[in-house]
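# Structure at a glance
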Amino acid sequence: MSMDNIILEVKDLAVKFKMNEGDVYAVNGVNYILPEGKSIGIVGESGCGKTVSSYALNRLLPNYANLSGQILFKERDGSITDIVKLKPEGKEIRRIRGKDISMIFQEPMTSLSPVHTICNQISEAMILFQGMTKKQARNRSIELLKLVGIPHAERRVDEYPFQFSGGMRQRAMIAMALARNPRVLIADEPTTALDVTLQAQVLGLIQDMQNEFNLSLILITHDLGVVAHMVDYIYIMYFGRIVESGPVLEIFDNPYHPYTKGLLKSIPKLRGKRGEKVSSIPGTVPSAYYEPKGCVFAARCSHAMDKCVEKSPEEICISAEHKVSCYLYSGEEEEKNAADAG
Ligand SMILES: Nc1ncnc2c1ncn2[C@@H]1O[C@H](COP(=O)(O)OP(=O)(O)OP(=O)(O)O)[C@@H](O)[C@H]1O
Ligand SMILES: [Mg+2]
């Protein structure tokens, strides 16, 4: 298989948690492609499997998670590694985590260690994977903190995470991710904990870093408004599946899936008419204890038909790169197929 210009391809990825109460179907067959040096946004509401599917890329799932599908990663030498096939705590995956695929986690306070200084945490991967001395790693840590806009970096590098504000912790996490010289950066809701002004700054910073280091970026968010100016392609995720995907402008100008349309309507309009109400999609993401049968969105969809709950719709190509999984658009095809057959 050829992966020219593609650094990561996720195929039919599924994650099921084996719990005492039953299985949790967190990710139910996700497909996406990350072109080298480009950025994709994975967008969907809370609980739809964004974090779990991205943890899978680094095999950061607990041992009661059942992982299937393929995660094809193109190594520096051009060879392809299927991350799903690697041993969970083996050398290979630790190497990939240490210098290829870095993550900015959703909750900085739970992923930064409270008992180690910022310096130690940024330095760790550089000492382990780049053979730097402690002193070299410290100097590079200071450089990186300056790069992400931490004032008085020479002094603050020796502080602990609790001494940093929320925005600074987020920046320290970005510095930590960059210290690995990664080729793929996953940013999981990197700005949810921040106020609006800081959000814009941190997103701008991630974008600058992407350009500067030629990173391939996966940006995860529940807010379509956030990704609009940040990514090349959007993948709309619902209940562990991608329901629509395509180039960012096509998705914004010409959304097909009822869920995508709902998400677009729920973006707060800054310059909208005064008093204009932001609509939200009625209902919530279903309990992940049920194995989805049929279209994952059917229960909340105002257009749902009988077949929607029976069998999951095939993916249809709207244009070369714009795809949707929805029966509303498969009718013509069926008729055409019938006509062709008859
Ligand atoms: N370790 C776990 N054990 C069992 N179930 C889990 C675990 N982690 C996540 N889940 C479940 O998997 C589903 C997907 O969760 P995930 O954290 O990926 O959602 P998300 O899209 O990232 O949501 P949010 O926007 O709130 O971050 C949810 O139903 C969640 O409860
Ligand atoms: Mg999440």
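Computed from a prediction, not measured in an experiment: that's the story for all the values here.

Right, let's get into the nonpolar core. Counting 61 residues, the largest nonpolar core has Ile122, Ile206, Leu224 and Ile234 as the members making the most contacts within it. Setting aside anything within four residues of it in sequence, one finds Ile234 in contact with Gly41, Val43, Leu224, Val227, Glu244, Ser245, Gly246, Val248, Ile251 and Phe252.

Between helix 4 (residues 118-129) and helix 7 (residues 166-178), the least distance of the axes is 8 Å, while the angle of their chain directions is 25°. With respect to their mutual orientation, helix 4 and helix 7 come out roughly parallel. Along its contact with helix 4, which presents Ile118, Gln121 and Ile122, the element helix 7 presents Ala172, Ala175 and Met176. Considered class by class, the residues forming the contact of helix 4 with helix 7 number 5 nonpolar, 1 polar and no charged.

Let us look at the coordination of the magnesium ion (ligand 2). Listed as protein donors to the magnesium ion (ligand 2) are Thr51 (OG1) and Gln106 (OE1); their distances from the metal cover 1.9 to 2.4 Å. Separated by 55 residues along the polypeptide, Thr51 in helix 1 (residues 50-57) and Gln106 in the loop between strand 6 (101-104) and helix 3 (108-111) bring together distant segments of the chain. For Thr51, a relative accessible area of 21% gives the class partly exposed.

Let us now look at the sheet that holds strand 11 (residues 315-317). What the 8 strands build is an open sheet, ordered 6-7-8-3-9-10-12-11; its pairing is mixed. Sheet topology places strand 6 and strand 11 at the edges, where each strand pairs with a single neighbour. Strand after strand, the sheet turns through a mean of 20° between neighbouring axes, direction not considered. With 2 bridges connecting them, strand 10 (residues 241-247) and strand 12 (residues 323-325) associate as antiparallel partners.

So, on to unusual backbone geometry. The backbone phi angle of Asp12 is positive, close to 50°, even though this residue is not glycine. Residue position: Asp12 is located in strand 1 (residues 6-19). Despite not being glycine, His152 has its phi angle at roughly 50°, a positive value. Within the fold, His152 resides in the loop between helix 5 (134-147) and helix 6 (153-156).

The next point concerns the pairing of strand 2 (residues 22-35). In terms of burial, strand 2 is largely enclosed, as 10 of its 14 residues are buried. By the bridge criterion, 11 bridges tie strand 1 to strand 2 in an arrangement that is antiparallel. Of the residues in strand 2, the one forming a bridge with Ala14 is Asn28. Connecting strand 1 to the next strand, strand 2, in antiparallel fashion are 2 residues.

Criteria and thresholds
Here the residue index of a chain counts from 1 through its sequence in written order. Naming scheme: in the order in which they are written, chains are lettered from A and ligands are numbered from 1. In keeping with the model being predicted, local features are shown solely for residues with a pLDDT of at least 70 and side-chain atom pairs are shown and tallied solely at 80 or more, while totals for entire chains, interfaces and linings include all residues. As a rule here, side-chain values come from all non-hydrogen atoms in the structure, and water together with hydrogens is ignored. In these notes, a set of buried Ala, Val, Leu, Ile, Met, Phe, Trp, Tyr and Cys residues joined through side-chain atoms within 4.5 Å is what counts as a nonpolar core. Burial here depends on accessible area, computed with a 1.4 Å probe over protein chains only, as a share of the maximum for the residue type. Under 20% is buried, over 50% is exposed, and the range in between is partly exposed. Only heavy atoms enter the contact rule, under which two residues are in contact if any of them lie within 4.5 Å. The axes used here are C-alpha line fits, helices contributing only the stretch in contact, and every angle between their N-to-C directions lies in the interval 0 to 180 degrees. The helix and strand labels rest on DSSP assignments: H or I over at least four residues marks a helix, E over at least two residues marks a strand, and numbering proceeds from the N terminus. Here the word oblique covers every angle except those under 35 degrees (roughly parallel), over 145 (roughly antiparallel) and from 65 to 115 (roughly perpendicular). Residues were grouped as follows: Ala, Val, Leu, Ile, Met, Phe, Trp, Tyr, Cys and Pro as nonpolar; Asp, Glu, Lys and Arg as charged; and all remaining residues, including Gly, as polar. Atoms are scored as donors when they are N, O or S and lie within 2.8 Å of the metal, with 3.2 Å used for Na, K and Ca; no water is included, so coordination may look incomplete. For two strands to be treated as a pair, DSSP must find at least two bridges joining them.

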